[in-house]
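# Chains, contacts and geometry: an overview
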Amino acid sequence: MKVNKEPPLEEFKFHYRFRGSVGASDKYFMAHDLNEASEMFEYACEKRNLDPQLTKIEKWNRWKRSWETIEHSPEFN
């Protein structure tokens, strides 16, 4: 019997700020891919009526033990 394995979860970090604010914030999500993590970020923002300006998305590279910047489309801004 063949078992279908899901892809492993990966950690994504969304770096954002609010218009007019001095500081920036981060939100972290465990997801299978960038699309899933982006949906989680959008849901979290909609739920709290937030309108953040996304500045950077990063993905944790567990082998290098460092964050890697991911190119994102302007629709996430």
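These numbers come from a predicted model, not from an experiment.

### Some remarks on the nonpolar core
In terms of nonpolar packing, the biggest core is built from 12 residues, these being Phe-12, Phe-14, Tyr-16, Phe-29, Ala-31, Ala-37, Phe-41, Ala-44, Cys-45, Leu-54, Ile-57 and Ile-70. Secondary-structure elements contributing two or more residues to this core are strand E1 (10-18), strand E2 (25-31), helix H1 (34-47) and strand E3 (52-61). Considering every element that reaches this core, the biggest residue donor is H1, with four residues. Apart from the residues lying within four places of it in its own chain, the contact partners of Phe-29 are Glu-10, Glu-11, Phe-12, Phe-14, Ala-37, Met-40, Phe-41 and Ala-44.

### Observations concerning the sheet that holds E3
The antiparallel open sheet is built from four strands, whose spatial order is E2-E1-E3-E4. Two strands in the sheet have a free side with no partner beyond their single neighbour: E2 and strand E4 (66-70). Here the strands of the sheet are splayed against their neighbours by 30° on average, with no regard to which way each runs. The pairing of E3 with E4 spans five bridges and is antiparallel. Considered in E4, the bridge of Trp-60 is made with Trp-67. Strands E1, E2, E3 and E4 of the sheet are contacted by H1, whose axis makes an angle of about 130° with E2.

The rules we used
- Residues numbered from 1 in each chain as written.
- Predicted model: local features only at pLDDT ≥ 70, side-chain atom pairs only at ≥ 80, totals over all residues.
- Heavy atoms only, no water.
- Core = buried A, V, L, I, M, F, W, Y, C linked by side-chain atoms within 4.5 Å.
- Buried < 20%, exposed > 50% of the residue type's maximum accessible area, 1.4 Å probe, protein only.
- Helix = DSSP H or I, 4+ residues; strand = E, 2+ residues; numbered from the N terminus.
- Contact = heavy atoms within 4.5 Å.
- Pairing = 2+ DSSP bridges.
- Axes fitted to C-alpha atoms, helices over the stretch in contact; angles between N-to-C directions.

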